[in-house]
Amino acid sequence: MPGFVLLVRDRQDSDESMRVGFTVTKKIGGAVIRNRMKRRFRALAREIVTANGIPGSDHVMIGRAKGVERDFGLLRTELTQALDKVRT
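Each residue is numbered by its place in its chain's sequence as written, counting from 1. Two thresholds apply to this predicted model, a pLDDT of at least 70 for residue-level local features and 80 or more for giving and counting side-chain atom pairs, whereas whole-chain, interface and lining totals are computed over all residues. The basis for the side-chain values is all heavy atoms of the structure; hydrogens and waters are excluded.

Novice: Looking at this structure, I do not really get the nonpolar core. What am I missing?
Specialist: Take the buried Ala, Val, Leu, Ile, Met, Phe, Trp, Tyr and Cys residues and link them wherever side-chain atoms come within 4.5 Å; each set so joined is a nonpolar core. Partly exposed residues are those whose accessible area sits between 20% and 50% of the maximum for their type, while under 20% is buried and over 50% is exposed, using a 1.4 Å probe and protein chains only. Ranked by size, the top nonpolar core spans 16 residues in total, and within it Phe4, Leu6, Phe41, Leu44, Met61 and Leu79 carry the most contacts. The helix count covers DSSP runs of H or I at least four residues long, the strand count covers runs of E at least two residues long, and both are numbered beginning at the N terminus. Considering every element that reaches this core, the biggest residue donor is helix H1 (residues 31-52), with 6 residues. Not counting residues up to four positions away in its chain, the partners in contact with methionine 61 are Phe4, Val5, Leu6, Gly21, Phe22, Thr23, Phe41, Leu44 and Leu79. Contact between two residues is taken to exist if any of their heavy atoms lie within 4.5 Å; hydrogens are not considered.

Structure representation (structure tokens):
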């Protein structure tokens, strides 16, 4: 996706909980911009990954430069699409 990369890894254990992690490198911008992007990712994860995530898996969102200025509704749609792709 243009705003982020989503990695999903099945832990292959008996725990069905979903874990979410975020990473944004210094290439994206300073601390203020990176923290803003992580806040947006956290909000998306609360809303979408809890409902559409894959049980028993680790989800990692890696920020891209275009993700900072991207519309939040568009990021929401892209995350839903990315999770649907992972399911298939």
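Resuming the write-up.
Novice: Please explain the side chain of glutamate 78 as it appears in this structure.
Specialist: Along the chain, glutamate 78 turns up in helix H2 (residues 72-87). Non-local contacts of glutamate 78, meaning those with residues more than four positions away in its chain, are made with Met1, Pro2, Gly3, Phe4 and Arg70.

Novice: I keep staring at the packing of aromatic side chains and nothing clicks. Help me out?
Specialist: Two numbers describe a pair of aromatic rings. These are the distance of the centres and the angle of the planes. Working definition: a ring pair exists when centres of Phe, Tyr or Trp rings (six-membered ring for Trp) sit within 6.5 Å. Plane angles under 30 degrees give stacked, over 60 give edge-to-face, the rest tilted. Tallying each qualifying case throughout the model produces 2 aromatic pairs. Geometrically, the ring pair formed by phenylalanine 4 and phenylalanine 41 is edge-to-face, given 6.2 Å between the ring centres and 80° between the ring planes. Of this pair, phenylalanine 4 sits in strand E1 (residues 4-10) while phenylalanine 41 sits in helix H1; the two residues are 37 residues apart in sequence, bridging distant segments of the chain. What makes phenylalanine 41 buried here is its relative accessible area of 1%. Between phenylalanine 22 and phenylalanine 41, the ring centres sit 6.2 Å apart and the planes meet at 25°, which makes this aromatic pair stacked. Taken together, the positions of phenylalanine 22 in strand E2 (residues 19-23) and phenylalanine 41 in helix H1 put the pair 19 residues apart, joining distant regions of the chain. By relative accessible area, phenylalanine 22 is classed as partly exposed at 25%. Through a chain of ring-to-ring contacts, three or more aromatic side chains come together here, namely Phe4, Phe22 and Phe41.

Novice: Would you mind showing me how to read H1 here?
Specialist: Each α-helix winds once per 3.6 residues, and so residues spaced three or four apart point in a common direction. Here, expected helix span is obtained from the residue count minus one, scaled by 1.5 Å. Helix length check: H1 (22 residues) gives 30 Å between terminal C-alpha atoms against 32 Å at 1.5 Å per residue, within 8%. Axes are fitted to the seven residues ending at a residue and to the seven starting at it; the angle between these axes is taken as the bend at that residue. Alanine 45 marks the point of greatest bend in H1, at about 40°. If you check which residues of H1 are buried, you get Arg34, Met37, Arg40, Phe41, Leu44, Ala45, Ile48 and Val49. On its buried face, H1 is in contact with E1, E2, strand E3 (57-63) and H2.

Novice: Quick question: what am I supposed to make of the sheet that holds E2 here?
Specialist: For sheets, the rule is that strands pair by backbone hydrogen bonds, running either parallel or antiparallel. If DSSP finds at least two bridges between two strands, the strands pair. Here 3 strands make up an open sheet; going across it, the order is E1-E3-E2 and the pairing mixed. This sheet does not close on itself; its edge strands, each paired only once, are E1 and E2. Recorded for the sheet is a direction-independent mean angle of 15° between the axes of neighbouring strands. Where E2 lies against E3, 5 bridges are found, and the strand directions are parallel. The partner of phenylalanine 22 across the bridge, within E3, is methionine 61. An axis is simply a line fitted to the C-alpha atoms; with a helix, the fit covers only the stretch in contact. Between two such axes, the angle follows the N-to-C directions and lies from 0 to 180 degrees.

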